[in-house]
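Observations on the three-dimensional arrangement
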Amino acid sequence: MPQPTRIDLQPINILDTPVEYLKGVGPARGELLNKELQIYNFEDLLQHFPLRYIDGKKIHAIGTLSAEQEYVQLQGFIINVGEEGQSFRKRLTATLYDKTGRVELIWFQGIQFIKKNIQPDTLYTVFGKLTFYNGLPTITHPEIEPYNPSNAAPSGLTPVYPTTEKLKSRGLNNRSFARLLLLLWEKLSPNDIPEIIPQEIISRYRLISRYEAYRNIHFPRDDQHRSAAVRRLKWEELLLTQLRLLRLKLDHHQQEGYIFARVGTYFNNFFERHLPFALTEAQKRVLREVRSDTYSGFQMNRLIQGDVGSGKTIVALMSILLAVDNGFQASLMAPTEILAQQHYKGIKELIEPMGLPVALLTGSVKGKERKQVLSGLADGTLPIVVGTHALVEDTVQFANLGIAVVDEQHRFGVTQRAKLWQKNKRPPHILVMTATPIPRTLAMTVYGDLDVSVIDELPPGRKPIETIHRSEQFRPKVMQFLKNEIAKGRQIYIVYPLIEESEKMDYESLKSGYEQVRAWFPDPQYRVAMVHGRQDMEERQRNMQRF
């Protein structure tokens, strides 16, 4: 008699469950969570951590606000709702008032949705980052909700979750996220969030359990429990990051690399006849490190960190010449077209007297010119190319890429850098440059897969760079400092991490920042202009030229 077939059913981890199966989500909201916040399953939702917490018991009176405060929670009525400006400068403005004073509210995104949902004669709770313009308190992109005493957490700590205007329009606002997380948590047990750190380490560093950390990051009983959760999750994230980087570093140091066996004609000719200034001892030290790496037989993965003006580009160029002397091609990849063009012009001017060709490859290089560059790289007749991320496109093929220089690595993803490896049968040497001042211990964390070189000496005649941090409450003093510098005949440029506002990242954008700067400098004598990658090339070049 045949034996019955036995089927072993493996237990399914509940955290792998698609998010649409959580009560209150469903297919439509689930799809939107996928697109807007990359939340696909229960685990993604569990790791959708609060941006910050509001102390529900602490309400500031508008009349007591000062420039020393940063994030504030207010309660009052909203009036004077209206749109201003046109095209991309359009904004929604409103006034929040209580019995002690008034504060201006400004939105640059989601204007129609917000305008439609602001109700008259309704008491609102408003939370946001406080700034002062012309002495008036202002909050840009505040979070607003009709006041409801039952919404406050028992501890007074209410989590504020990142969301987007599209999600809000489908009912997924901050309160909705809190409810979804609560529903999810009721389904979980400690076995669903297993411990991944040995108990010995947990005890030594006085960490709370992983299960407790997730509970207290979303539902903190008090600030002490919240802090313990943040510490545990940050500790875990740092440990995992270090382990991944250590694995990468071990793999890289075992990766066979091209051998640059000699220092040849181009390197020596440039050093003796065309070098615009004498190398500093720091530059010579870094060049020796590059020389040692490229001679070792293993792939080089080295970071050069140094202030603006410290001479990183000269070190990179001489490393490129070392590759060319040994019969290899070289590339330099910059994060923006403007920076790529600057590198191209500077390098071309320096090596043109030696008859060494160099080409530029960006998204703007089209037609016949692009075909010539691609052909020269493929057949090996073009030894040096400077470009943007266009260099990692599949259509770009090298005959024998020996070294790839990447400027401002943090602007590129790991995947983009890895694509450079695939340009040859054997990965090229990688040289990464950054002007971001990074303490050595932090550099070992952020760039743990790279060997770190520091150019800590400026060439003669270069003024030292001062890096100073100021928080939001110092903005009026910073703006006054800028006015004082302009009065001395100097110029200012301000860099923003985003072109437009993003609900996914809590950063200030260029377009909202541009309006704010214009508000600080309304006098016609101050000319303010924008430059960014989405502008028409002619307008961008005109503004750069005026600057």
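Quick notes on the rules
Here, residues in each chain are numbered from 1, in the same order as that chain's written sequence. A pLDDT threshold of at least 70 governs which residues receive local features in this predicted model, and a stricter bar of 80 or more applies before side-chain atom pairs are shown or counted, although totals over entire chains, interfaces and linings include all residues. Side-chain numbers come from the whole structure's heavy atoms, not from hydrogens or water. By convention a nonpolar core is built from buried Ala, Val, Leu, Ile, Met, Phe, Trp, Tyr and Cys residues, the set being connected through side-chain atoms within 4.5 Å. Whether a residue is buried, partly exposed or exposed follows from its accessible area with a 1.4 Å probe, protein chains only, as a fraction of its type maximum: under 20%, in between, or over 50%, in that order. Only runs of H or I of at least four residues qualify as helices and only runs of E of at least two qualify as strands under DSSP, and these elements are numbered from the N terminus. Two residues form a contact once any of their heavy atoms are found within 4.5 Å. Confidence of the predictor in every single residue is expressed as pLDDT, which spans 0 to 100. A helix is expected to reach a length of 1.5 Å times the quantity of its residues less one. What the arc measures is the spread of directions leading from the helix axis to the C-beta atoms. When DSSP finds two or more bridges between two strands, those strands count as paired. We count a salt bridge whenever a side-chain nitrogen from Lys or Arg sits within 4 Å of a carboxyl oxygen from Asp or Glu. Here the term patch refers to residues with relative accessible area over 30% and no salt bridge, with like charges joined within 9 Å and nonpolar side chains (Val, Leu, Ile, Met, Phe, Trp, Tyr) within 5 Å. In these tables, accessible area is a Shrake-Rupley quantity obtained with a 1.4 Å probe, and a residue counts as shielded only by the protein chains included in the view. Axis lines are fitted to C-alpha atoms, over the contacting stretch for helices. Their N-to-C directions set the angle, which ranges from 0 to 180 degrees. When the strands point away from the viewer and the path from the first strand over the helix to the second turns clockwise, the crossover is right-handed. Each aromatic pair joins two rings of Phe, Tyr and Trp (for Trp, the six-membered one) with centres within 6.5 Å, and gets the label stacked for planes under 30 degrees apart, edge-to-face for over 60, and tilted for any other angle. Here, over-ring charges are defined by two tests on the NZ atom of lysine or the CZ atom of arginine: distance to the ring centre within 6 Å, and angle to the ring normal within 35 degrees.

With 41 residues, the main nonpolar core has Phe270, Met318 and Ile351 as its most contacted residues. Considering each element in turn, this core owes the most residues, 10 residues, to helix H11 (residues 312-325). Leave out the neighbours within four places in its chain, and Ile351 touches Leu317, Leu321, Leu356, Val358 and Ile384. In terms of nonpolar packing, the next biggest core, distinct from the first, is built from 29 residues, Leu46, Leu167, Ile193 and Ala213 among them.

This paragraph deals with the confidence of the model for the protein chain. Per-residue confidence for the protein chain gives a mean pLDDT of 85, with 90% of residues at or over 70. Predicted confidence for residues 7-11 stays below pLDDT 50, and this span has zero contacts to residues more than four positions away or in other chains.

With 13 residues, helix H13 (residues 367-379) should reach 18 Å at 1.5 Å per residue; the first-to-last C-alpha distance of 19 Å fits that figure. The set of residues buried in H13 consists of Arg370, Val373, Leu374, Gly376 and Leu377. Along H13, the residues classed as buried sweep out an arc of 160° about the axis, all on the same side. Every exposed residue of H13 that faces more than 90 degrees away from the buried side is listed here: Lys368, Lys371 and Gln372.

In regular strands, side chains alternate between the two faces of the sheet. Where burial is concerned, most of strand S6 (residues 136-140) is hidden: four out of the five residues are buried. As judged from the three bridges shared by strand S4 (residues 101-107) and S6, these two strands associate in the parallel manner. Each residue of the ladder has a partner; that of Leu105, found in S6, is Ile139. Bridge count between strand S5 (residues 123-133) and S6: four bridges; the pairing is antiparallel. By the bridge assignment for S6, Tyr133 is matched with Leu136. Taking the residues that link successive antiparallel strands as the turn, the S5-S6 hairpin has two residues, and the phi of Asn134 there is positive, at about 50°.

Before going further, it helps to spend a moment on the side chain of Thr362. By secondary structure assignment, the location of Thr362 is in the loop between strand S11 (358-361) and H13. Take Thr362: its relative accessible area is 1%, and that puts it in the buried class. Apart from residues lying up to four places away in sequence, Thr362 is in contact with Glu337, Ala340, Arg370, Gly387, Thr388 and Ala390.

The next thing to look at is the pattern of salt bridges. Scanning all chains against the criterion turns up 20 salt bridges. Of the charged contacts, one joins Glu212 and Arg215 as a salt bridge, the two residues approaching to 2.8 Å between their closest N and O atoms. Residue Glu212 and its partner Arg215 are both found in helix H7 (residues 210-218); the two are separated by three residues, about one turn of the helix. Linked by salt bridges that have partners in common, Glu195, Arg210, Arg232 and Glu236 make up one network.

Moving on to a nonpolar patch on the surface. On the surface, a nonpolar cluster with roughly 240 Å² of combined accessible area is contributed by Ile196, Leu240 and Leu243. Taking the relative accessible area as the measure of exposure, Ile196 reaches 43% and is therefore partly exposed.

This brings us to the sheet that holds strand S10 (residues 329-333). Taken in spatial order, the seven strands line up as S11-S12-S10-S13-S14-S9-S15 in an open sheet, and their pairing is parallel. The sheet terminates laterally at S11 and strand S15 (451-455), the two strands that pair on one side only. Pairs of neighbouring strands in the sheet enclose a mean axial angle of 20°, with direction left out of account. Pairing geometry for strand S9 (residues 301-306) and S15, over five bridges, is parallel.

Right, let's talk about the side chain of Arg232 for a bit. Checked against the element boundaries, Arg232 lands in helix H8 (residues 223-253). Assessed through its relative accessible area of 1%, Arg232 is described here as buried. When near neighbours in sequence (up to four residues on either side) are disregarded, Arg232 contacts Glu195, Ile196, Ile197, Ile202, Leu207, Ile208, Ser209, Arg210 and Ala213.

On to the pairing of S11. Neither face of S11 is left uncovered, since the one carrying Val358 and Leu360 and the one carrying Ala359 and Leu361 both have all their residues buried. Alignment of S11 against strand S12 (residues 384-387), held across four bridges, turns out to be parallel. Bridge pairing in S12 places Leu361 opposite Gly387. As for the winding sense of the linkage, the β-α-β connection from S11 through H13 to S12 is right-handed.

A few words on the packing of aromatic side chains. Within the structure shown, the criterion is met by 10 aromatic pairs. In textbook terms, an aromatic cluster arises when at least three aromatic residues are bridged by ring pairs, as seen for Trp185, Tyr211 and Phe219. Here the guanidinium or amino end of Arg102 rests over the ring plane of Tyr97, the centre of that ring lying 5.8 Å away. Over the ring of Phe521 we find Lys483, and its NZ or CZ is 5.5 Å from the ring centre.

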